[in-house]
Amino acid sequence: LPQAFVPSTLQSWIAFQVCRYFSFRFIWESRPPHPETGNPKYHPRIFVAPPHGVFPYGNILSMLVFPALFGHTFRGLASSAALRPPVFKQVLRSIGVIDASR
């Protein structure tokens, strides 16, 4: 069965440990507006989190840290190949990753 997105996973103990293990920095020019209903400043955005390769830790860390910094979550994209390994697939799905081919 596909793993459902569980927002509390982003604030879990393991998520905190992953963020402590990897070196990571956010750089932005302005805080993105909250996607609340009727916010005229909000529009869809694409964020990039290098490095992204066989193990996309930059992307995973972005998804874990983003809610703490900006107050809301976002959905990450992954290739179909990244979502094939069973354990890795479940981890990515639990933090909100969806297949980029859809």
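Fair warning: this is a prediction, and the values are worked out from it, not measured in the lab. (Residues numbered from 1 in each chain as written. Predicted model: local features only at pLDDT ≥ 70, side-chain atom pairs only at ≥ 80, totals over all residues. Heavy atoms only, no water.)

**A look at the overall build of the protein**
Reasoning step 1: A count of helical and extended segments in the protein gives 3 helices and 2 strands.
Reasoning step 2: Starting at the N terminus and walking to the C terminus, you meet the elements of the protein as α-α-β-α-β.
Reasoning step 3: Burial analysis of the protein (102 residues in total) assigns 29% to the buried set. (Helix = DSSP H or I, 4+ residues; strand = E, 2+ residues; numbered from the N terminus. Buried < 20%, exposed > 50% of the residue type's maximum accessible area, 1.4 Å probe, protein only.)

**Regarding the confidence of the model for the protein**
Reasoning step 1: Per-residue pLDDT for the protein has a mean of 76; in total, 83% of the residues score no lower than 70.
Reasoning step 2: Helix α2 (residues 57–70) is the least confidently modelled element of the protein, averaging 77 in pLDDT, while strand β2 (residues 98–99) averages 86, the highest of any element. (pLDDT = per-residue confidence, 0-100.)

**Quick notes on the nonpolar core**
Reasoning step 1: The biggest cluster of nonpolar side chains holds 12 residues, and these are Leu10, Ala15, Ile60, Met63, Leu64, Ala78, Ala82, Leu83, Phe88, Leu92, Ile95 and Val97.
Reasoning step 2: Looking at this core, the elements that each hand over two or more residues are α2 and α3 (86–94).
Reasoning step 3: The greatest single-element share of this core, amounting to 3 residues, is contributed by α2. (Core = buried A, V, L, I, M, F, W, Y, C linked by side-chain atoms within 4.5 Å.)

**Quick notes on the packing of helix α1 (residues 13–21) against α2**
When two helices pack together, their arrangement is captured by the angle between the axes and the distance separating the axes.
Reasoning step 1: The interhelical angle for the contact between α1 and α2, taken along N-to-C directions, is 120°, at an axis separation of 10 Å. With respect to their mutual orientation, α1 and α2 come out oblique. Both α1 and α2 take part in a crossing whose hand is left-handed. For the pair formed by α1 and α2, the contact residues are Ala15, Val18 and Cys19 on the first element and Leu61, Leu64 and Val65 on the second. (Axes fitted to C-alpha atoms, helices over the stretch in contact; angles between N-to-C directions. Parallel < 35°, antiparallel > 145°, perpendicular 65-115°, else oblique. Left-handed = near helix turned anticlockwise from the far one by under 90°. Contact = heavy atoms within 4.5 Å.)

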